[in-house]
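Residues per chain are reported as follows:
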Amino acid sequence: MTYTGDVQVGGEPDVRELPGLTVTKVAVGPYDNNAYVLRCAATGEQLLIDAANEGSRLLELIGDGPLGHVVTTHRHQDHWQALGQVVEATHAPVVAHPYDADILPVPVTERVEHGGTVQVGRTSLEVIHLRGHTPGSIALLYDAGGELADSPHLFTGDSLFPGGVGNTWGDPSLFNQLLADVVERVFDRLPDSTWIYPGHGKDTTLGKERPALPEWRSRGW
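As the structure is a prediction and not an experimental result, all values here were calculated from the model.

### A closer look at the pairing of strand S10 (residues 138-142)
Within S10, 5 of the 5 residues are buried, leaving the element largely enclosed by the surrounding structure. Alignment of strand S9 (residues 123-129) against S10, held across 4 bridges, turns out to be antiparallel. Its bridge partner lying in S10, Val 127 is registered against Leu 140. Two strands pair when backbone bridges link them, and S10 and strand S11 (residues 153-157) are joined in this way by 3 bridges, in the antiparallel orientation. The residue bridging Leu 141 from the neighbouring strand is Leu 154, located in S11.

Right, dumping it as structure tokens:
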């Protein structure tokens, strides 16, 4: 089956095989959050991005394979409802940006900054700090050690979606900060073929979204 990233709450996950990494995307309720289980092809070690909810389902997806880290992309509660349950069951270290770490319901083991990395077995993900939706929102970039430099994969939390950046609640300073970070740290750096895995809803690519940047800027959200 061809990966589409179109998943529904209560439905089957979608699985994508990348060089060095398997990505499993699942939607959980009640807010249609996406959670992602990444598995290193070489070691079987896994990483969970956003233990949003439905902890039993997430643990079923993780299975018996070791869970090396749980990354929380930002502080909002709908992205960590199952964090305590998953950590209790797996004892996996929790990763978050320092600006959002102290809001989470469990201790954060690894506080990561812009430009840092998070390991998944023999592979690594680069941390991109995108300020605005929350002070400590992060995205995770995977390029297979440069093998996918022409078509990397970016897990954006709630900072970038099909159709716009994340919610900044009508605050011009927050919107300008988020748009500036998304433009400078994502669009200006990465190619159009970059695949975007957001915190809610369908996937997209930078190429699909790039022509709309002037519209986003003019509308202010």
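### Side note on the sheet that holds strand S15 (residues 204-205)
A sheet is described by the order of its strands in space; here 6 strands give the open sequence S8-S9-S10-S11-S14-S15, paired in mixed fashion. Edge strands, defined here as strands with exactly one partner in the open sheet, are strand S8 (117-120) and S15. In terms of strand pairing, strand S14 (residues 195-198) meets S15 through 2 bridges, oriented antiparallel. Within S15, the position partnered with Trp 195 by the bridge is Thr 205.

### Re the sheet that holds strand S6 (residues 94-96)
Taken in spatial order, the 7 strands of this open sheet run S1-S2-S3-S4-S5-S6-S7, and their pairing is mixed. Two strands lie at the open edges of the sheet, namely strand S1 (14-18) and strand S7 (110-111), each paired on one side alone. Each of strand S2 (21-28), strand S3 (33-40), strand S4 (46-49) and strand S5 (67-71) is contacted by helix H1 (residues 55-62), which is oriented at about 160° to S2, the strand it contacts most. Lying over the sheet, helix H2 (residues 83-90) contacts S4, S5 and S6, oriented at roughly 165° with respect to S5.

Calculation criteria
Residues numbered from 1 in each chain as written. Predicted model: local features only at pLDDT ≥ 70, side-chain atom pairs only at ≥ 80, totals over all residues. Heavy atoms only, no water. Buried < 20%, exposed > 50% of the residue type's maximum accessible area, 1.4 Å probe, protein only. Helix = DSSP H or I, 4+ residues; strand = E, 2+ residues; numbered from the N terminus. Pairing = 2+ DSSP bridges. Contact = heavy atoms within 4.5 Å. Axes fitted to C-alpha atoms, helices over the stretch in contact; angles between N-to-C directions.

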